[in-house]
Amino acid sequence: MARSVYVASAEGESGKSTVALGMLELLTGRVGRVGVFRPIVRSGSQPDYVLEMLLDQEGIDVPYANAAGVTYEDVHYDPDVALTTIVERYHAIADDYDAIVIVGSDYTDVATPTELSYNARIAVNLGAPVVLVVGGQNRSPAEIRAVADMAVTELAANYGKLLAIIANRVEPSDLDSVRAALSGKVPTYAIPAEPFLTAPAVADLKAACGGVQVSGDQRLLDREALGLLIGAMTLPNVLDRLVDGGVVVTPGDRADVLLGVVMAHASQTFPSLSGVVLTGGLQPPPAVIRLLEGVDTRLPVILAETDTFETATRLAATRGRVSRDSPRKVEVARSLFASHVDGTALSARLDVTRSEVVTPLMFEYELLDRARAAGRHIVLPEGDEERILRAADSLLRRSVAMLTLLGDPAAVRAKAQQLGLDISAAEVLDPYDPDLRERFATEYARLRAHKGMTVEAARDVVVDVSYFGTMMVLLGMADGMVSGSVHTTAHTIRPAFEVIKTSPGVSVVSSVFFMSLRDRVLVYGDCAVVPD
């Protein structure tokens, strides 16, 4: 039978999704098959978005119907019958998985101890220890402790087994104080508040005001809106108040504000925006629309029929959430959990034995875990390639490695901003940087002098990103280089043949492929460099 863990909270809006995602990643890195179960799901035509998001994670293959227990209406009608059904549905899938993450209810009713009691009863009947999530938003350490104490008492009264306490959405400056306040017989952790996780996407704002998109890239509607600015003042004052990820709300007949903020977004000297909302149903003149289409910003521009006050009121009330439609939020949530919760200690307390099966997800988890521990610096020569930028954003959010991207810094960062990616923690180097170009050319010419290489010729060679990145590794400016997304294998490894060379006594360089099968990962060598 599967080893299970029950993620429960004493109230709504505590951020259980972040903890559930973290527990899911923790378990999938240690055992072969991990399942998800949601005892109480939202009813209606729309599926439960928390359950959908968890089931959408890599390596999770539970059908939605099998992962759902009963609805809130079922519990209200007859709690005992609903509990029986929950237990039956859980055990119907339990034998198919090595571990199961169970996610408690969301407090769609008025939050009372009764709902926590019911969650405790479910956990006891499923034989699952509880990870208690306590909301820390707008609370002092003493207040967080008081809420936790009441919840722990309620769990104990219903014979629930407490595995750990996690205070979520805590003020970053209070993390140590909260951990100290919660310390006791079980492990306690504190996860800082991250406004990004509750920020709505531009698509959410569009739906909230019933707007239509009149300009910009539709794919950027999933970018988060990190602030709202009412553009009712003169343009210079609007420009002074722009913030990264902000959305400007302005009447549709204010073409000056519209054009000004779009140009500011395209500029390297102003923050990168998430969108513009025009109000009053006032469509910009055709000439203005044509001008917008000629500016390569891809910034979404939304037209709302409601006036500025009504539109702003609706947008301000819109709240974002971690869902399967927000992969960046999922990454951030997983990263926060991994950074602030001791996964090794928690899994040991849960007594999860590592499986002999190695799934691709377990393999990736171990690689990322080892990479974090190693703390290496990697150079990515193809810094302006979209897939590389997306990978860099993910790696940086998960603190996997220090990164340097090669390319024109302004162009690379502008492209990342247009894609809604955050690479601010990465270094971006220009291969034409005069000091580095001269240093690399001098060293390359020295190493290749026997081939007739001169410093003058070397200056043209080292600006090639593959050579530039290899020289960084050679001179200790980076620990390794990852390339080959848009360059051939030969173009990627030729510089290393020339200046790093093989170890003494070795004349052959080999490559390997990792073949990720369902229950194992095989290593094939050699498939590209030495085909014979």
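To be clear, the structure that these remarks concern was listed above.
Below or above, wherever it landed, is the structure these notes cover. All of these numbers come straight from a predicted model, not from anything done at the bench.

Procedures and definitions
- Residues numbered from 1 in each chain as written.
- Predicted model: local features only at pLDDT ≥ 70, side-chain atom pairs only at ≥ 80, totals over all residues.
- Heavy atoms only, no water.
- Axes fitted to C-alpha atoms, helices over the stretch in contact; angles between N-to-C directions.
- Helix = DSSP H or I, 4+ residues; strand = E, 2+ residues; numbered from the N terminus.
- Parallel < 35°, antiparallel > 145°, perpendicular 65-115°, else oblique.
- Contact = heavy atoms within 4.5 Å.
- Nonpolar A, V, L, I, M, F, W, Y, C, P; charged D, E, K, R; others polar.
- Patch = residues over 30% accessible without salt bridge, like charges linked within 9 Å, V, L, I, M, F, W, Y side chains within 5 Å.
- Areas by Shrake-Rupley, 256 points an atom, 1.4 Å probe, with all protein chains shown as cover.
- Salt bridge = Lys/Arg side-chain N within 4 Å of Asp/Glu carboxyl O.
- Lys, Arg positive; Asp, Glu negative; His and termini not counted.
- Charge placed at Lys NZ, Arg CZ, Asp CG, Glu CD.
- Buried < 20%, exposed > 50% of the residue type's maximum accessible area, 1.4 Å probe, protein only.
- Pairing = 2+ DSSP bridges.
- Right-handed = clockwise from strand over helix to strand, strands pointing away.
- 1 Å grid on protein atoms, 1.4 Å probe; cavity = no way out; pocket = protein on both sides within 12 Å on 5 of 7 lines; lining within 4 Å.
- Points joined across faces, edges and corners; volume = space filled by probe spheres on them.
- Core = buried A, V, L, I, M, F, W, Y, C linked by side-chain atoms within 4.5 Å.

## Description of the packing of helix α1 (residues 16-28) against helix α16 (residues 343-350)
Here comes step 1: Axis separation between α1 and α16 bottoms out at 11 Å; the angle between their running directions is 75°. As judged from the angle between their axes, α1 and α16 are roughly perpendicular. Facing α1, whose interface residues are M23, L26 and L27, α16 presents G343, L346, S347 and L350.
Here comes step 2: Looking at side-chain class alone, the contact of α1 with α16 contains five nonpolar, two polar and no charged residues.

## Examining a negative patch on the surface
Here comes step 1: Taken together, D56, D204, D222 and D325 make up a surface patch of like negative charges.
Here comes step 2: Of note, D325 is situated in the loop between α14 (308-316) and α15 (327-340).
Here comes step 3: In this structure D325 comes out as exposed when scored by relative accessible area, which is 61%.

## So, the pairing of strand β7 (residues 188-192)
Here comes step 1: In terms of residue burial, β7 counts as a mostly covered element, since five of its five residues are buried.
Here comes step 2: Taking every second residue as pointing to the same face, both faces of β7 are buried, with T188, A190 and P192 on one and Y189 and I191 on the other.
Here comes step 3: Pairing of strand β6 (residues 162-170) with β7, which is carried by four bridges, proceeds in the parallel orientation. Looking at the pairing, A167 lines up with A190 of β7.
Here comes step 4: Where the polypeptide runs from β6 across helix α8 (residues 175-182) and back to β7, its parallel neighbour, the crossover connection is right-handed.

## Some remarks on the sheet that holds β7
Here comes step 1: Taken in spatial order, the seven strands line up as β3-β2-β4-β1-β5-β6-β7 in an open sheet, and their pairing is parallel. In the strand order of this sheet, the two ends are held by β3 (68-71) and β7, each with one partner. Averaged over all pairs of adjacent strands, the angle between strand axes in this sheet comes to 20°, irrespective of strand direction.
Here comes step 2: Pairing of strand β5 (residues 130-135) with β6 involves six bridges; the strand directions are parallel. Its bridge partner being in β6, V134 is matched across the sheet by A167.

## A few points about empty space enclosed by the protein
Over the atoms a probe the size of a water molecule is rolled, and this reveals where empty space is left.
Here comes step 1: Evaluation of the coordinates by the stated rule reveals one cavity of 30 Å³ or more.
Here comes step 2: Lining the largest cavity, in full, are L220, R223, H265, L273, S274, R298, L299, P300, Q417 and Q418.
Here comes step 3: The residue inventory of the lining of the largest cavity, partitioned by class, reads four nonpolar, four polar and two charged.

## A few points about the nonpolar core
Here comes step 1: Grouped together as the largest cluster of nonpolar side chains are 87 residues, with contacts concentrated most on V19, M23, L54 and L346.
Here comes step 2: Among all residues touching L346, those that are not within four sequence positions of it are M23, L26, L163, A164, Y189, F337 and V341.

## Side note on the layout of surface pockets
Here comes step 1: The computed volume of the largest pocket comes to approximately 1,000 Å³.
Here comes step 2: Lining the largest pocket are 50 residues; nearest its centre among them are Y49, R319, G320, R321 and V322.
Here comes step 3: Looking at the lining of the largest pocket, its residues break down into 17 nonpolar, 15 polar and 18 charged.

## Things to note about the packing of α15 against helix α18 (residues 386-397)
Here comes step 1: At their nearest, the axes of α15 and α18 sit 9 Å apart, and the two run at 25° to each other. With respect to α18, the element α15 is oriented roughly parallel. Here R328, E331, V332 and S335 of α15 come into contact with α18, specifically with D393, S394 and R397.

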